[in-house]
Amino acid sequence: MVVFINDILVYSRAKDEHTTHLRTVLQTLREHQLYGKLKKCGVWLKEVVFLGHVVSKEGIKVDPKKVKAIID
């Protein structure tokens, strides 16, 4: 899990492991009376843009949109 200000990125190697990780994170948030907005949540994503990077099972790459903005 990676936390940056108000963003939480939960990642895992396998689906069953991911279920456990998600449950742990959500349970911990609930215990501390912290809640997320459902419309801002993405679950079971194969790729996600996080802090200017694209994170996937292939690894972490710089978001191409950010590179284009710099080149232009």
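Everything discussed here concerns the structure shown above.
Residues numbered from 1 in each chain as written. Predicted model: local features only at pLDDT ≥ 70, side-chain atom pairs only at ≥ 80, totals over all residues. Heavy atoms only, no water.

**Concerning the sheet that holds strand 5 (residues 59-62)**
Part 1 of the reasoning: Judged by pairing direction, the sheet is antiparallel, and its three strands sit side by side in the order 3-4-5 without closing on themselves. Across the chains shown, the open sheet's two edge strands, defined by having one partner strand only, are strand 3 (47-50) and strand 5. Geometrically, the sheet is characterised by an average inter-axis angle of 25° between neighbouring strands, direction not taken into account.
Part 2 of the reasoning: Note that strand 3 and strand 4 (residues 53-56) share four bridges and pair antiparallel. (Pairing = 2+ DSSP bridges. Helix = DSSP H or I, 4+ residues; strand = E, 2+ residues; numbered from the N terminus. Axes fitted to C-alpha atoms, helices over the stretch in contact; angles between N-to-C directions.)

**Looking at the pattern of salt bridges**
Part 1 of the reasoning: Under the criterion given, the structure shown has one salt bridge.
Part 2 of the reasoning: Among the ionic pairs, aspartate 72 bridges to lysine 68, the shortest N-O distance being 2.6 Å. (Salt bridge = Lys/Arg side-chain N within 4 Å of Asp/Glu carboxyl O.)

**Some words on the side chain of histidine 18**
Part 1 of the reasoning: Inspection of the secondary structure assignment puts histidine 18 in helix 1 (residues 15-31).
Part 2 of the reasoning: Within the local environment of histidine 18, its side chain forms a polar contact with the side chain of serine 12, the two groups lying 2.9 Å apart.
Part 3 of the reasoning: The residues touching histidine 18, leaving out its near neighbours within four places in the chain, are Val10, Tyr11, Ser12 and Trp44. (Polar contact = N/O pair within 3.5 Å; in protein donor to acceptor, adjacent residues only side chain to side chain. Contact = heavy atoms within 4.5 Å.)

**A closer look at the side chain of aspartate 63**
Part 1 of the reasoning: If you trace the backbone, aspartate 63 turns up in the loop between strand 5 and helix 2 (64-71).
Part 2 of the reasoning: One buried charged residue, aspartate 63, forms no salt bridge at all, with the nearest opposite charge on lysine 66 at 5.6 Å.
Part 3 of the reasoning: Once residues within four sequence positions are removed from consideration, aspartate 63 is found in contact with Val49, Gly52, His53 and Val54. (Buried < 20%, exposed > 50% of the residue type's maximum accessible area, 1.4 Å probe, protein only. Lys, Arg positive; Asp, Glu negative; His and termini not counted.)

**Side note on the environment of valine 49**
Part 1 of the reasoning: Note that valine 49 resides in strand 3.
Part 2 of the reasoning: The class for valine 49 is exposed, based on a relative accessible area of 51%.
Part 3 of the reasoning: Excluding its chain neighbours within four sequence positions, the residues that come into contact with valine 49 are Val54 and Asp63.

**Brief notes about unusual backbone geometry**
Part 1 of the reasoning: Even without glycine at this site, glutamine 33 takes up a positive phi of about 55°.
Part 2 of the reasoning: Relative to the helices and strands, glutamine 33 is located in the loop between helix 1 and strand 3.
Part 3 of the reasoning: On the accessibility criterion, glutamine 33 (62% relative accessible area) is exposed.
Part 4 of the reasoning: In this structure, tryptophan 44 takes a positive phi of about 65° despite not being glycine.
Part 5 of the reasoning: Of note, tryptophan 44 is situated in the loop between helix 1 and strand 3.
Part 6 of the reasoning: Owing to a relative accessible area of 47%, tryptophan 44 belongs among the partly exposed residues under this scheme.

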